[in-house]
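# An overview of the molecular structure
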Amino acid sequence: CTAKTNSLGCVPSIGATGSASASGSPFTVTCVDELSHKLGLLFYGFAPRNAAYQGGYSCVQAPVRRTGLLDADGTIGVDDCSGVYSYDFDALIQSGGDPALIAGEVVYAQFWSRDPAVSFTSIRSDGLRFGIAP
(Lines give C-alpha, C1' and ligand atoms only; values in the text may rest on other atoms or scores of the structure.)
Protein backbone atom coordinates (compact mmCIF):
# COMPACT_ATOMS: atom_id res chain seq x y z
CA CYS A 1 0.00 0.00 0.00
CA THR A 2 1.42 3.35 -1.06
CA ALA A 3 1.50 6.65 0.84
CA LYS A 4 0.14 9.87 -0.67
CA THR A 5 2.74 12.61 -1.22
CA ASN A 6 1.97 15.72 0.82
CA SER A 7 1.89 19.33 -0.42
CA LEU A 8 5.61 19.83 0.36
CA GLY A 9 6.65 16.76 -1.63
CA CYS A 10 7.29 14.49 1.37
CA VAL A 11 6.00 10.93 1.61
CA PRO A 12 4.82 9.94 5.12
CA SER A 13 6.24 6.61 6.29
CA ILE A 14 4.73 4.39 9.00
CA GLY A 15 6.84 2.20 11.26
CA ALA A 16 6.94 0.62 14.69
CA THR A 17 9.30 -0.06 17.56
CA GLY A 18 8.99 -2.86 20.07
CA SER A 19 6.69 -5.88 19.93
CA ALA A 20 2.91 -6.00 20.12
CA SER A 21 1.99 -8.36 22.97
CA ALA A 22 -1.15 -9.25 24.88
CA SER A 23 0.96 -9.66 28.01
CA GLY A 24 2.45 -6.18 27.79
CA SER A 25 5.54 -5.07 25.95
CA PRO A 26 6.58 -1.63 24.67
CA PHE A 27 5.09 -1.15 21.20
CA THR A 28 4.82 2.23 19.51
CA VAL A 29 3.51 2.94 16.01
CA THR A 30 5.04 6.04 14.41
CA CYS A 31 4.88 8.03 11.20
CA VAL A 32 7.66 10.33 9.98
CA ASP A 33 7.87 12.96 7.23
CA GLU A 34 4.53 14.47 8.21
CA LEU A 35 3.71 18.17 7.93
CA SER A 36 4.68 19.94 11.13
CA HIS A 37 1.91 20.74 13.62
CA LYS A 38 -0.92 19.14 11.69
CA LEU A 39 -3.53 16.92 13.30
CA GLY A 40 -3.77 13.27 12.37
CA LEU A 41 -4.82 9.88 13.69
CA LEU A 42 -4.14 6.18 13.31
CA PHE A 43 -6.63 3.95 11.51
CA TYR A 44 -6.43 0.23 12.21
CA GLY A 45 -8.41 -2.90 11.44
CA PHE A 46 -8.10 -6.61 10.88
CA ALA A 47 -7.87 -6.99 7.10
CA PRO A 48 -5.68 -5.35 4.45
CA ARG A 49 -6.85 -3.13 1.66
CA ASN A 50 -4.97 -1.55 -1.23
CA ALA A 51 -7.54 0.63 -2.95
CA ALA A 52 -7.41 4.08 -4.50
CA TYR A 53 -9.02 6.55 -2.10
CA GLN A 54 -9.17 10.36 -2.19
CA GLY A 55 -6.07 10.76 -4.34
CA GLY A 56 -4.06 8.20 -2.36
CA TYR A 57 -4.61 4.67 -1.09
CA SER A 58 -6.59 3.12 1.72
CA CYS A 59 -4.57 0.34 3.39
CA VAL A 60 -7.08 -0.91 5.98
CA GLN A 61 -10.29 -2.77 5.11
CA ALA A 62 -13.53 -1.59 6.73
CA PRO A 63 -14.68 -1.70 9.39
CA VAL A 64 -11.83 0.45 10.68
CA ARG A 65 -11.14 1.74 14.16
CA ARG A 66 -9.40 5.00 14.82
CA THR A 67 -7.45 6.60 17.62
CA GLY A 68 -7.98 10.07 19.01
CA LEU A 69 -6.36 13.03 17.31
CA LEU A 70 -2.59 13.41 17.51
CA ASP A 71 -0.41 16.48 16.85
CA ALA A 72 2.59 15.90 14.58
CA ASP A 73 4.67 18.53 16.45
CA GLY A 74 7.83 19.39 14.48
CA THR A 75 9.67 22.63 13.78
CA ILE A 76 7.94 25.64 15.36
CA GLY A 77 6.86 28.43 13.02
CA VAL A 78 7.94 26.64 9.85
CA ASP A 79 5.95 24.61 7.35
CA ASP A 80 8.12 21.57 6.76
CA CYS A 81 8.08 17.78 6.98
CA SER A 82 9.55 17.51 10.48
CA GLY A 83 6.27 16.26 11.96
CA VAL A 84 6.13 12.85 13.61
CA TYR A 85 3.11 10.97 14.94
CA SER A 86 3.67 8.51 17.76
CA TYR A 87 1.00 6.23 19.19
CA ASP A 88 1.49 3.87 22.16
CA PHE A 89 -0.35 0.86 20.76
CA ASP A 90 0.67 -1.30 23.72
CA ALA A 91 -1.34 0.98 26.01
CA LEU A 92 -4.40 0.38 23.83
CA ILE A 93 -3.89 -3.40 23.92
CA GLN A 94 -3.41 -3.41 27.71
CA SER A 95 -6.39 -1.12 28.36
CA GLY A 96 -8.90 -3.62 27.01
CA GLY A 97 -10.55 -0.70 25.21
CA ASP A 98 -10.74 -2.82 22.07
CA PRO A 99 -11.58 -6.43 23.01
CA ALA A 100 -10.55 -7.60 19.52
CA LEU A 101 -6.88 -6.81 20.25
CA ILE A 102 -5.91 -10.27 21.53
CA ALA A 103 -2.99 -12.67 21.14
CA GLY A 104 -2.88 -14.17 17.66
CA GLU A 105 -4.70 -11.27 15.97
CA VAL A 106 -3.11 -9.61 12.94
CA VAL A 107 -3.59 -5.84 12.76
CA TYR A 108 -3.31 -3.52 9.76
CA ALA A 109 -2.66 0.18 10.38
CA GLN A 110 -2.30 3.47 8.50
CA PHE A 111 -1.92 7.10 9.56
CA TRP A 112 -4.22 9.82 8.25
CA SER A 113 -3.33 13.49 8.48
CA ARG A 114 -4.64 16.90 7.52
CA ASP A 115 -3.06 18.76 4.58
CA PRO A 116 -5.24 21.66 3.38
CA ALA A 117 -3.17 22.14 0.19
CA VAL A 118 -3.82 18.72 -1.43
CA SER A 119 -6.85 17.06 -2.99
CA PHE A 120 -9.41 16.06 -0.38
CA THR A 121 -7.32 18.02 2.19
CA SER A 122 -5.83 14.87 3.65
CA ILE A 123 -2.86 12.50 3.41
CA ARG A 124 -2.49 8.80 4.21
CA SER A 125 0.76 7.02 5.03
CA ASP A 126 1.76 3.65 3.72
CA GLY A 127 0.48 0.60 5.61
CA LEU A 128 1.77 -1.49 8.49
CA ARG A 129 0.92 -5.08 9.42
CA PHE A 130 1.74 -6.61 12.81
CA GLY A 131 0.71 -9.59 14.87
CA ILE A 132 -0.09 -9.58 18.58
CA ALA A 133 2.01 -12.09 20.48
CA PRO A 134 0.80 -13.83 23.67
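Our subject in this report is the structure included herewith.

Thresholds, definitions, all that
Residues numbered from 1 in each chain as written. Predicted model: local features only at pLDDT ≥ 70, side-chain atom pairs only at ≥ 80, totals over all residues. Heavy atoms only, no water. Helix = DSSP H or I, 4+ residues; strand = E, 2+ residues; numbered from the N terminus. Polar contact = N/O pair within 3.5 Å; in protein donor to acceptor, adjacent residues only side chain to side chain. Pairing = 2+ DSSP bridges. Axes fitted to C-alpha atoms, helices over the stretch in contact; angles between N-to-C directions. Salt bridge = Lys/Arg side-chain N within 4 Å of Asp/Glu carboxyl O. Core = buried A, V, L, I, M, F, W, Y, C linked by side-chain atoms within 4.5 Å. Buried < 20%, exposed > 50% of the residue type's maximum accessible area, 1.4 Å probe, protein only. Contact = heavy atoms within 4.5 Å. Phe/Tyr/Trp six-rings, centres within 6.5 Å; stacked < 30°, edge-to-face > 60°.

Considering the arrangement of structural elements, one finds D126 in strand β10 (residues 122-131). Taking the C-alpha atoms as reference, D126 lies 4.2 Å from A3; in sequence the two are 123 residues apart. In terms of polar contacts, D126 uses its side chain to reach the backbone amide nitrogen of I14, at 2.8 Å.

Attention shifts here to the sheet that holds strand β2 (residues 27-34). Spatially, three strands are ordered β1-β2-β8 in an open sheet, and the strand pairing comes out antiparallel. In this open sheet, the two edge strands, each paired with only one partner strand, are β1 (13-18) and β8 (83-88). Averaged over all pairs of adjacent strands, the angle between strand axes in this sheet comes to 20°, irrespective of strand direction. As defined by bridge partners, β2 adjoins β8 across five bridges and the pair is classed as antiparallel. Paired with E34 across the two strands is G83, which belongs to β8.

What follows deals with the pattern of salt bridges. Under the criterion given, the structure shown has one salt bridge. Between R65 and D98 there is a salt bridge; the shortest N-O distance is 2.7 Å. Of the two residues, R65 is situated in strand β6 (residues 65-66) and D98 in the loop between α1 (89-95) and β9 (106-114); the sequence distance between them amounts to 33 residues.

Among the nonpolar cores identified, the biggest contains 21 residues, and V29, L42, F89, L101, F111 and F130 are the most heavily contacted of them. If you list the elements that add at least two residues to this core, you get β2, β3 (39-45), β8, α1, β9 and β10. Sequence-distant contacts of V29, that is, excluding residues within four places in its chain, are made with I14, G15, A16, L42, Y85, S86, Y87, F89, F111, L128 and F130.

Moving on to the packing of aromatic side chains. The description of an aromatic ring pair uses the distance of the two centres, along with the angle that the planes make with each other. Counted according to the given criterion, the structure contains seven aromatic pairs. Both rings, one in Y87 and one in F89, keep their centres 6.0 Å apart while their planes meet at 70°; by these two values the pair is edge-to-face. Taken as a pair, Y87 and F89 share a single burial class, namely buried. Ring geometry for F89 and F130: centres 5.1 Å apart, planes at 80°, overall edge-to-face. Here F130 lies in strand β10 and F89 lies in helix α1, a separation of 41 residues in the sequence. Since its relative accessible area comes to 0%, F89 is described here as buried. Judged by its relative accessible area of 8%, F130 is buried. Ring-pair connections join several aromatic residues into one group, and the members of that group are F27, Y44, F46, Y87, F89 and F130.

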